[in-house]
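These are the residues of each chain, in order.
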Amino acid sequence: MSDHKNHNEISLPESLKRQFAALERRLWQVETAAAICIGLLGALGSFAILFFLDRFFETPVALRATLFVAAIVILILAAVRWSVRWIFLRRDWRALSRIVQTKFRRLGDRLLGIVELSNESKHDANFSPELYRAAIHQVADETAQFDFREAVETRLTKKLMIAAMVLAGLVLIPSLLIPTLGKNVFHCWIAPLAAVPRYSLVKLDLPKQIIVPHGEDFALDGSVNFRSFWKPSRATAQFEKQTPVAAKISGNKIAFQIPAQIQDGKLRVKVGDATRDVAVVPTYRPALKQISAAIQFPEYLQLPATNQAINNGVLN
């Protein structure tokens, strides 16, 4: 009985099995690399966006959290996609045959046909093992000239690898040149809900509030501390929505001449990636409206003390 079963057993030639195994290894390499690149692009892209935004303003906690969650979601999706293809729904020889036939169209449906022949569980009454084997070996001989690994599409994976390397360079180069900056952005990215102030390449030393003459031009002086090789030469100051005023940076000093103001407002000073707000309080200059003298007479006059207005600067 077993001899009859072995006689009727149909299987693919070992050479064809090796070709399928080589194709599967190549698929695993390409799709694993693609999954890693997608995960890296998600993480590096999220980090790069935060790095870029932090150069202009203090990124809100909600936006930090959104960027971090987006990176985690992309990583999970890439891992799930890879797991479905290689753990839960791994391709069988039929699926591999379709991939090969998409690349080598000359094979038509013959490769898939012999794979299905080898997997038949029930045969017709007129089943002939010799005919099956002859058909399988004929197609196997035809496929011997093809390298199944060439059927694997690699263009998308190559593009993903290039994009990941470029993005990694954009993130790593400034982080290596200015380690403190890289650590600060990473801390803000990995712990978005933490109260981590952003690190700016320029530090401004300005008063929080200034009292200025009402309706008169006024000056604002401050100092600048450069924390890297980047040293901007100009600074700007803008009162509310008015036209910005520019000033040159001399050494580490800045001096603005601001137009006259009559209402309280906010003066925003920008130097490089640093921004500071200064509260401006226009105030009338003090004026002498009235002057009086307190007069106390000698005791022998027995007169009470009195106040007398001084008019025109003369006291009689």
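Keep in mind it's a predicted model, so treat the numbers as computed, not measured.

Each helix and strand counted, the protein chain has eight helices and ten strands in total. In summary, the protein chain has a C-alpha radius of gyration of 41 Å against a globular reference of 20 Å for 316 residues, an excess of more than 25%. For the protein chain, the spread of C-alpha atoms along the three principal axes comes to 150 × 40 × 30 Å. Put simply, the protein chain has 316 residues, and 36% of those count as buried. Long-range pairs, those at least 24 residues apart, make up 67% of the contacts in the protein chain with a sequence separation of at least 6.

This next bit is on the confidence of the model for the protein chain. For residues with low pLDDT, the predicted coordinates do not support detailed interpretation. Taken over all residues, the pLDDT of the protein chain has a mean of 89, while the share at 70 or more is 94%. The lowest-confidence element of the protein chain is helix α1 (residues 2–8), averaging 47 in pLDDT; the highest-confidence one is helix α3 (residues 61–88), averaging 96. Within the model, the stretch residues 1–7 combines pLDDT values under 50 with four contacts to residues more than four positions away or in other chains.

Let's shift gears to the packing of helix α2 (residues 14–53) against α3. The interhelical angle for the contact between α2 and α3, taken along N-to-C directions, is 175 degrees, at an axis separation of 9 Å. In terms of axis orientation, α2 runs roughly antiparallel to α3. Across the contact of α2 with α3, the residue classes tally to 17 nonpolar, four polar and four charged.

This paragraph deals with the environment of Asn252. Locating Asn252 in the fold gives a position in the loop between β5 (245–250) and β6 (253–258). Separated by 29 residues in sequence, Asn252 and Ser223 have C-alpha atoms that sit 5.5 Å apart. Asn252 has contacts with Gly222, Ser223 and Val224, leaving out every residue within four places of it along the chain.

Moving on to the side chain of Thr32. With respect to the helices, strands and loops of the structure, Thr32 is situated in helix α2. With residues up to four places along the chain from it excluded, the contact list for Thr32 reads Leu27 and Trp82.

Its place among the elements puts Thr154 in the loop between α6 (129–143) and α7 (155–177). The class for Thr154 is buried, based on a relative accessible area of 17%. Excluding anything up to four places from it in sequence, Thr154 contacts Arg26 and Val30.

Turning to the sheet that holds strand β1 (residues 202–205), a few remarks are in order. One open sheet accounts for eight strands, arranged β1-β3-β6-β5-β4-β7-β8-β2; its pairing is mixed. The open sheet terminates on both sides in strands that have one partner only, identified here as β1 and β2 (209–213). Along the sheet, successive strands turn relative to each other by an average axial angle of 30 degrees, direction set aside. Here six bridges tie strand β3 (residues 218–226) to β6, and the two strands are oriented antiparallel to one another. If you follow Asp221 over to β6, its bridge partner there is Ala255.

Another point: the pattern of salt bridges. One pass over the full model with this rule turns up twelve salt bridges. The partner of Arg64 in a salt bridge is Glu58, and the shortest N-O contact between them spans 3.2 Å. Residue Arg110 pairs with Glu142 through a salt bridge whose shortest N-O separation is 2.9 Å. Taken together, the positions of Arg110 in helix α5 (residues 110–118) and Glu142 in helix α6 put the pair 32 residues apart, joining distant regions of the chain. Judged by relative accessible area, which is 36%, Arg110 ranks as partly exposed. Shared partners join several salt bridges into a network, and the residues in it are Glu31, Arg85 and Arg91.

Parameters and conventions
- Residues numbered from 1 in each chain as written.
- Predicted model: local features only at pLDDT ≥ 70, side-chain atom pairs only at ≥ 80, totals over all residues.
- Heavy atoms only, no water.
- Helix = DSSP H or I, 4+ residues; strand = E, 2+ residues; numbered from the N terminus.
- Rg over C-alpha atoms; globule rule 2.2 N^0.38 Å.
- Buried < 20%, exposed > 50% of the residue type's maximum accessible area, 1.4 Å probe, protein only.
- Contact = heavy atoms within 4.5 Å.
- pLDDT = per-residue confidence, 0-100.
- Axes fitted to C-alpha atoms, helices over the stretch in contact; angles between N-to-C directions.
- Parallel < 35°, antiparallel > 145°, perpendicular 65-115°, else oblique.
- Nonpolar A, V, L, I, M, F, W, Y, C, P; charged D, E, K, R; others polar.
- Pairing = 2+ DSSP bridges.
- Salt bridge = Lys/Arg side-chain N within 4 Å of Asp/Glu carboxyl O.

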